[in-house]
Structure formats: C-alpha cells, structure tokens
Amino acid sequence: MTAPFGQRLADAVAARGPLCVGIDPHPPLLERWGLPDDAGGLRRFTDTVVDALAGTVALLKPQSAFYERHGSRGLAALEDGAARARAAGALVLLDAKRGDIGSTMDAYADVLRPGHPLAVDALTVSPYLGPGSLQPAVDTARAHGGGLFVLARTSNPDAGTLQHALVGERSVAQVVVDTVRGWNTLGWVVGDPLPDPGAVRDLASRWGPGTGSFGVVVGATLRDLDVDLTGLGGPVLAPGLGAQGGSAADLRRLFGQGGAVVPTVSRDVLAAGPDPAALRAAAARWAEQLAA
Ligand SMILES: O=c1ccn([C@@H]2O[C@H](COP(=O)(O)O)[C@@H](O)[C@H]2O)c(=O)[nH]1
C-alpha cells in the first residue's frame, strides 16, 4: 500500500526542500525554446523539464490546460510526462482544478488510482460546488494514498470578490480552509454539519502541524494572510511567485517560517530553459531564496 500523500510529500520536502516547479508549456515559452506549438513540442518541453528537475525538486506540477489545448495528443504527452516524472522520483501534482457534482468528481478523482493512464500523486480541485461535492475525491485520495489541494485564496487579483464573501461569520475562503482542516483531522464526511472551527482547531493544534494529505491553495500575492490556517494539518500550495509578482519575502511575510508551505513557480523557472543546467540553476536560485 502506498504511503499517504501527506507523508510522502513531507519526506520529499525533508530530502529536497519545499519547492514545486510548474510545467506550463505556454506558447511563448515553446517559441522561446525553439519548439513548435504542437504535441511534439509539448513532449520535448515536458521531457526536458522532467529530466532536469525530477531528481531535485519535491513536486512537479503540470498544468493540464496547456496539454488539453492539443487534444488527445496533448493528453498523451501529459500522461507520459507524469509517468516519467514519477519514475524519476518526483511527486506529481496535476493542476486541473477539477470541481463538479459528486458523481462526476468521483470520475475526476480516478487519476489518483494506481494504474490510471494519467496516474498522479495529487490533484488540484475547486470547491465552488460546495465542500460536500469533493467528498468522492477525498474518499479516493484516502483509499489510494493520494492528495488534494483545494483552491482557498487564489493568487489572481480579483480572487477576493468571491473568496471574501461571507457565509455566516466566516469568509468563503475560511470555510474552505476549515473544511480541509476537518478532512485532515476529524475525518469529516459529506452529510455531517460543517466542522465547528473552534473544536477542529483545538484538536488540530494538539494533533500538530502536519503531514495530512489534504492541502489548500493560498497565493503568495496576497497583501495579507486573511485566512486562519492554524492547525490545518496539511500542506499549503503557494503559487504567484515570479511572473505574478510574489517573492520569497512575501512568502515569509505571509506564512512565517513554520508550516508546510510548498511554494510553486512555473514561468520564472521555465524561462531559463531549454538548457537543463540553466533550468536547474533557476530552480536552485528559488530554493536558496526560500531557504534564506
Ligand atoms: O491561485 C492559483 C492557483 C493556481 N495557479 C497556477 O499556478 C501556476 C502559476 O504559474 P506562474 O507561471 O508561476 O505564474 C499556473 O499553472 C496557474 O494556473 C495560480 O497561479 N494561482
């Protein structure tokens, strides 16, 4: 049986540091790398990034949108890239931001099952249809040692328009965080009332910071950390570094030194390619800044 994702991520971070590198084959990047904007170009781009970085970073995060642009051949490139990365020792987080009614979520979560053609270690999901809609994905993740990262406070400038909206006294973003905290601690399931944040926090703070398999996405671009992550018990994926304006100093300002924060960078590393040594150097620069 595979160890739970949270444990595998914690081990990878301990061995390699927390940096996640995104694999986002934007058309301008393909052009800059001298590659065609087709499935063949995607393959060479992906293989280059994987071969350069899968042995050194904790997590690789392919962005599904750039592969879906090329239809079935793009998806085949994504499948092969994910398998190549896992075989080379990296954990793979598929950034597809899936979110739908429960029965459809069940199908989306199949990528967390071993033997799936696009088998990955973790998946990004959107809670817009309600926390309960994600329960089938939580169940699949638990059954197969997979992980989920739920969009809570995203890095885009107008994210607060919805994420700051109030549900009772809590923001939507806080409800998402509290739900994920419940998954990591109390085993909250659909049909239960939403976990009481006070009780969950109390238990979670005793349970300790953690190695839970359920994480949240909180952007490194936020002016202030306006959600309470205390006792989350799982990792925080922090996008928005580099191309979106976030810096290592922003990460420290927002999250301090503690907690299981996994910063993720795509374009700012990928722009250094296609030379594998230059890609490794760009990732190493981020890793150094994050460790400073
Ligand atoms: O809040 C979010 C959630 C996901 N993303 C994704 O991360 C990468 C960021 O790419 P950069 O080139 O480092 O800006 C991209 O795949 C986004 O879809 C995010 O940016 N913000």
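Where an unreviewed UniProt entry is consulted, the chain appears under the name Orotidine 5'-phosphate decarboxylase, with the organism given as Geodermatophilus dictyosporus. You can read under Sequence similarities (unreviewed entry) in the UniProt record for the chain the words "Belongs to the OMP decarboxylase family. Type 2 subfamily."

### Thoughts on the overall build of the chain
Along its length, the chain carries 13 helices and 10 strands. Its C-alpha radius of gyration of 18 Å places the chain within 12% of the 19 Å reference for a compact globule of 292 residues. Along the three orthogonal principal directions, the C-alpha set of the chain runs to about 55 × 40 × 35 Å. Relative to its 292 residues, the chain shows a buried fraction of 53%. Within the chain, contacts between residues separated by at least 24 positions form 70% of all contacts whose residues are at least 6 apart in sequence. Here the chain displays about 12100 Å² of accessible surface, and carbon together with sulfur accounts for 54% of that area.

### Some points on the side chain of Thr124
When you line up the elements, Thr124 lands in strand β4 (residues 122-125). Apart from residues no more than four positions distant in its own chain, Thr124 is found in contact with Leu93, Leu94, Asp95, Ala96, Lys97, Arg98 and Phe149.

### Considering the packing of helix α11 (residues 248-255) against helix α13 (residues 276-291)
Helix-helix packing is characterised by the crossing angle of the two axes and by the distance between the axes. The interhelical angle for the contact between α11 and α13, taken along N-to-C directions, is 35°, at an axis separation of 9 Å. At the point where α11 passes α13, the crossing takes the right-handed sense. The segment α11 lies against α13, with Ala248, Leu251 and Arg252 engaging Trp286, Gln289 and Leu290. A per-class count over the contact of α11 with α13 returns four nonpolar, one polar and one charged.

Rules and cut-offs
- Residues numbered from 1 in each chain as written.
- Predicted model: local features only at pLDDT ≥ 70, side-chain atom pairs only at ≥ 80, totals over all residues.
- Heavy atoms only, no water.
- UniProt positions renumbered as here; feature names shortened; annotations may be inferred.
- Helix = DSSP H or I, 4+ residues; strand = E, 2+ residues; numbered from the N terminus.
- Rg over C-alpha atoms; globule rule 2.2 N^0.38 Å.
- Buried < 20%, exposed > 50% of the residue type's maximum accessible area, 1.4 Å probe, protein only.
- Contact = heavy atoms within 4.5 Å.
- Areas by Shrake-Rupley, 256 points an atom, 1.4 Å probe, with all protein chains shown as cover.
- Axes fitted to C-alpha atoms, helices over the stretch in contact; angles between N-to-C directions.
- Left-handed = near helix turned anticlockwise from the far one by under 90°.
- Nonpolar A, V, L, I, M, F, W, Y, C, P; charged D, E, K, R; others polar.

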